[in-house]
Structure formats: structure tokens, C-alpha cells
Amino acid sequence: MIQILSKYGQMLLFAMGQTLLLALWGLFFACILGMIFGLLSVVRNKVCNVIASIFVDVIRGVPMIVLAYFIFFGLPYAFKNFLGSKMTLTALQAGTAALALNCGAYMAEIIRAGIQSVDPGQMEAARSLGLPYWRAMVRVVLPQAIRTMIPSIINQFIITLKDTSILSVIGFPELVNTAKNVIAISFKSFEVWGIVAVMYLIVITILSKIAKRLERRLNRGRK
Amino acid sequence: MDANKNVKIHVSHLQKSFGKLEVLKDISYDVHEGEVVVIIGPSGSGKSTFLRCMNKLEEISGGEIVVDGHNLTDRHVDINKVRENVGMVFQHFNLFPHMNVMQNLMLAPVDLKKATKEKARERALQMLRKVGMEDKAEAYPDQLSGGQKQRVAIARALCMTPDIMLFDEPTSALDPEMVGEVLQVMKQLAADGMTMVIVTHEMGFAREVADRVLFMDGGYIVEQGTPQEVLLNPKEPRTIDFLNKVL
């Protein structure tokens, strides 16, 4: 065990860094997508609502591994054969896109539910004072919605971090992919998978502790 | 009715439906400057909907409402500008729970650049004093009783210096012992000459403060007149029936 750690530890640590990098990029774009489609699903406009629900239904209806293959292999193929142009994606780009779309759909649902959980009287009161719709949304509805969303958002972040392991299939050198390579050289699958599991566990535990603290701080001053 | 006073809210042939359900059938009425109009009627009679049409919280299905010279059915009218001059008080207060009392009062005037922060704070304190809540400026809404919340809600609406105030059953969600303090504030407002339209079940208040009383039922104004006429000598059988039940 010590031998494996000293020999491959650095590789695995670097791979964990890549995992985090991928997760951060994915989450960053997922938040943007989630915000856009979450808001589209609550505004009083049928076209916007339909667009948002199609996005959520399509992405949620496709496994992420299929999404990843489709983006990484399918899209460049389509560009080459149907459009006659060239497009290549790095594994990081394709992985980020797959993660962002997948997580974004769930984030959109969390944001929609959060906004709808705020008493409609809040929007009415703000509007009755003369605030335009978006000002009322930003100053009155969203601050209240975000508080109820936070636990679900944190949960979604953790799921997304773990989902990066699925992207080992498109060859991005994150933790699972690297672990496979290490096993191929060392044949120590029990030790290596054990180490990988503990590494995930440590990172996710740290993240949830930070998140809990953040949640507490945001709720302070209330009640 | 004093004919030489300005008409503040002109309603003609107002009609409002929710899907197939026609809630307001044909309502015409003028509210004059400085008048206190109280709307009474059984639940489901459309009185709250009528009130909510006056600041376009409900889309108007037919007819027209002109508030301070702005036709609400005209798509070019900026409804936000109209609302700045029409305060509204809700049954469930609808204070913003993530802001303290002062922030609740200052939000709209500052956000809409009606006043600088200093001016808005000054005005907010003045309004809190008016409703007897100046010592609660830093409190959060869930630290207040129902009556206190409603008084803050009234102060919040007044911070925009409206010339019309709409009240949607302002005392219906209050414990009985808190009704008085809210009505007291409203009486004061009426005495100051504010134009007010009030949906309420407080018949005593209506008798004491109203200039005009409207009795609504089934989407129509069934009877209207002075409190003396409508509350003490009603002519329509439906009004008589309703008053017998509530008094």
C-alpha cells in the first residue's frame, strides 16, 4: 500500500486535480444554464416555458454517458460528414459541456422550484410599489428563493463532482481514468480502487462541511 | 357626491374573467379625490378582484379603468409609473422577510430613484412614526405581531407618497385584539385626506369612516351610497340579506 502510494500517489493526486478542474468548469456553466432555464420556466410567457421544459426533459431523459459520447464523438463526426467542416473538441471541453448540460438541467429544476416556493404575494407586493418585474425578482423573490435552494444545490454539486468519473470514458485523465492506467501497470486493483474511493470521500466530505458552514452563515440573522 | 372634485379612479364597464369564470360582469364607478370608498359583500362577490384591477395586479378583460388620467388598458401606459402613486395593503401583509423594517420601507423609493438614501430613510422614519412603529425600525418582520406587520405594510406603501391607497381586507388575517390598531392608522389616513378604496368586513369601521359604501354581489355593484343609506337603510334584498348575516 505504502509502495503504491509512494510510486503512484503523485499521479493520483494530479488526477484528482483534473477531476476538480473538470467539476468546477462543469458547475460554472451549469449554474449559468440552470439560472437561464430556471428563469425561463417561471416567467409568464408560454414560449419561454416550453423552451425550458424541452431542455430539461431532453437532458434528463438522456444518460450522461450517452451525452458525453455524443458530444465528444458524435458532434465532430457530424461536422465532418454533414457540414464538411472540421471541429475538434478536447476531452476537457466535451466533458465540461456534458457535465454542464446534465447538471444544468437539474439546476434549472432546483431554481424553478425555489422561485415557485416563494409566496406569490411577495412579487405582488413588490410590483404594487412600482418595481418592474425583474427588479422585483432580483431584490425580493430571488434572495428568498436562494435560501430554500441551497441544500439542493449543494447536493447537486456533490453529484456532479462524482459524475466526473463517468467522463473517464472519453479519455479525460481524471481520477478513475488514471486509476485504470495505474492498475494496468501495477495489477493492484484492490489497493488502487481503495485509495481512489478514499480520495473521493475526503474531497466530498470537505466540500460538504464547507457547504454546511456556508448554509449556516446565509441563514444567520434570520429568525 | 361633490361633483367639482377630481375623479381619481374612473371605472367603466369593467369586466374580468378567469378562464370561463366571469368574476366581474359590468362595473362602473368613479372614485373622487379624498374619498374613502368601502367595498363590502359576500366572499366570491368579486370585491377583491375589483380592487386588484385598480392597480392591474389582475389583467382587465373588458371595459376600462383610468387611474389619475392613465388608462390601464392602454398598452403604452407604463404600469410601474402608475403603481408608484397607488399604494396597496394586502390581507397577509406581504412584508419582505429577508429585510428589516427600515429596508422594507426604503427598498422601492431608493431602487426606483425616487429619493436618495438619506431622504428615503428620513421619510421612512416619518412614516413609521405616523403608524407608531418607529422603535421597530431595525426589527425583522417575523419578530412583529400581525397588527405591527400590517402597520409597517401601510408605512411601506406610504413611503412612495401615493395619492391613492388600496386596502385588500387589511384586518382579516389579524387576531381580534390587533384589528383596532390597524383601523386607527387607517382612520388617521382618511382624516389626512387620502383617497382610499377599502375591501373589508369591518362594518363599524365602514359606518364611521366611509364616504361611500359599495355592496357587491355576483360580479355587480348591487347597491351604493353613503354608509347611512347602504348600511342602515338598504333597499336591495341581497344587501339586506347580507347585512342581516354579518351584523
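In short, a report on the structure. (Residues numbered from 1 in each chain as written. Chains lettered and ligands numbered in written order. Predicted model: local features only at pLDDT ≥ 70, side-chain atom pairs only at ≥ 80, totals over all residues. Heavy atoms only, no water.)

## Description of the packing of aromatic side chains
Under the convention used in this document: Two rings belonging to Phe, Tyr or Trp (six-membered ring only in the last case) form a pair when the distance between their centres is within 6.5 Å. Interplanar angles under 30 degrees mark stacking, angles over 60 mark edge-to-face geometry, and anything in between is tilted. Relative accessibility decides the category of a residue: with a 1.4 Å probe and only protein chains considered, values under 20% of the type maximum give buried, values over 50% give exposed, and everything between is partly exposed. Cation placement over rings: the criterion is NZ of Lys or CZ of Arg within 6 Å of the ring centroid and within 35° of the ring normal.
Tallied over the full model, the rule gives nine aromatic pairs over all chains. Taking 5.1 Å as the distance between ring centres and 75° as the angle between the ring planes, the aromatic pair formed by A:Phe28 and A:Phe29 counts as edge-to-face. Taking the relative accessible area as the measure of exposure, A:Phe29 reaches 35% and is therefore partly exposed. The lysine or arginine in question, B:Lys16, covers the ring of B:Phe18, its NZ or CZ lying 4.6 Å from the ring centre. One Lys or Arg, B:Arg156, reaches over the ring of B:Phe96 and ends 4.3 Å from the middle of that ring.

## Points about the nonpolar core
As a reminder, the rule being used: The definition of a nonpolar core used throughout is a set of buried Ala, Val, Leu, Ile, Met, Phe, Trp, Tyr and Cys residues joined through side-chain atoms within 4.5 Å. Only DSSP runs of H or I with at least four residues qualify as helices, and only runs of E with at least two residues qualify as strands; both kinds are numbered from the N terminus onward. Residue contacts are defined here by distance: any two heavy atoms, one from each residue, within 4.5 Å place the two residues in contact.
If you look at the biggest cluster of nonpolar residues, it comprises 60 residues, and the most contacted ones within it are A:Ile115, B:Ile9, B:Leu14, B:Phe50, B:Ile65 and B:Leu166. It is helix 6 (residues 133-163) of chain A that contributes the most residues to this core, eight residues altogether. In this view, B:Leu14 contacts B:Leu24, B:Lys25, B:Asp26, B:Ile27, B:Phe50, B:Cys53, B:Ile60, B:Gly62, B:Gly63 and B:Ile65; residues no more than four positions away in its chain are not counted. Of all hydrophobic cores here, the second largest spans 52 residues; its members include B:Ile40, B:Ala137, B:Met194 and B:Phe205.

## Here we look at the side chain of A:Gln122
Note the threshold: Whenever two N or O atoms come within 3.5 Å, that pair is a polar contact, provided that in protein one can donate a hydrogen and the other can accept it, and provided that, for residues adjacent in sequence, both atoms are side-chain atoms.
Structurally, A:Gln122 is set in helix 5 (residues 120-128). Among the polar contacts listed, one links the side chain of A:Gln122 to the backbone oxygen of B:Leu95, at a separation of 2.9 Å. For A:Gln122, the contacting residues outside a window of four places in its chain are A:Val140, A:Gln144, B:Asn94, B:Leu95, B:Phe96 and B:Pro97.

## Side note on the interface of chain B and chain A
Heads up, the condition is: Buried area, as used here, totals the accessible surface that two parts lose on assembly, with accessibility defined by a 1.4 Å probe and the loss added over both. When a carboxyl oxygen of Asp or Glu lies within 4 Å of a side-chain nitrogen of Lys or Arg, that pair is called a salt bridge. Amino acids are sorted into nonpolar (Ala, Val, Leu, Ile, Met, Phe, Trp, Tyr, Cys and Pro), charged (Asp, Glu, Lys and Arg) and polar (every other residue, Gly among them).
Of the residues lining the interface, 25 residues belong to chain B; the matching set on chain A comes to 21 residues. When chain B packs against chain A, the two sides together hide about 2,000 Å² of surface, and 56% of this comes from carbon and sulfur. The interface formed by chain B and chain A includes three salt bridges. Joining chain B to chain A, the criterion identifies seven residue pairs in polar contact (both at pLDDT 80 or more). For the side of chain B that touches chain A, the secondary-structure elements that each account for two or more residues are helix 2 (79-84), strand 6 (86-89), helix 3 (101-111) and helix 5 (146-158) of chain B. Take the side of chain B that touches chain A: its biggest share by element is four residues, from helix 2 of chain B. Along the lines of polarity and charge, the residues of the side of chain B that touches chain A split into 15 nonpolar, four polar and six charged.

## Observations regarding the layout of surface pockets
Under the convention used in this document: Cavities and pockets are found on a 1 Å grid laid over the protein atoms alone: a cavity is a set of points where a 1.4 Å probe fits but cannot escape, a pocket is an open set with protein on both sides within 12 Å along at least five of seven lines, and a lining residue has an atom within 4 Å of such a point. Grid points are joined across faces, edges and corners, and a volume is the space filled by probe spheres set on the points.
Taken as a whole, the largest pocket holds about 830 Å³ of empty space. At the level of elements, helix 4 (91-116), helix 5 and helix 6 of chain A together with helix 2 of chain B are the ones that each hand at least two residues to the lining of the largest pocket. The element contributing the most residues to the lining of the largest pocket is helix 5 of chain A, with four residues. Residue composition of the lining of the largest pocket, by class: 11 nonpolar, two polar and 10 charged.

## Looking at unusual backbone geometry
Most peptide bonds take the trans form, and the phi angle of most residues other than glycine is negative. All names here are of chain B. Despite not being glycine, threonine 161 has its phi angle at roughly 45°, a positive value. Note on placement: threonine 161 falls in the loop between helix 5 and strand 7 (164-168). Relative accessible area serves as the criterion here: at 42%, threonine 161 is assigned to the partly exposed category. One non-glycine residue with positive phi stands out, namely glutamate 169, at about 45°. Along the polypeptide, glutamate 169 turns up in the loop between strand 7 and helix 6 (176-191).

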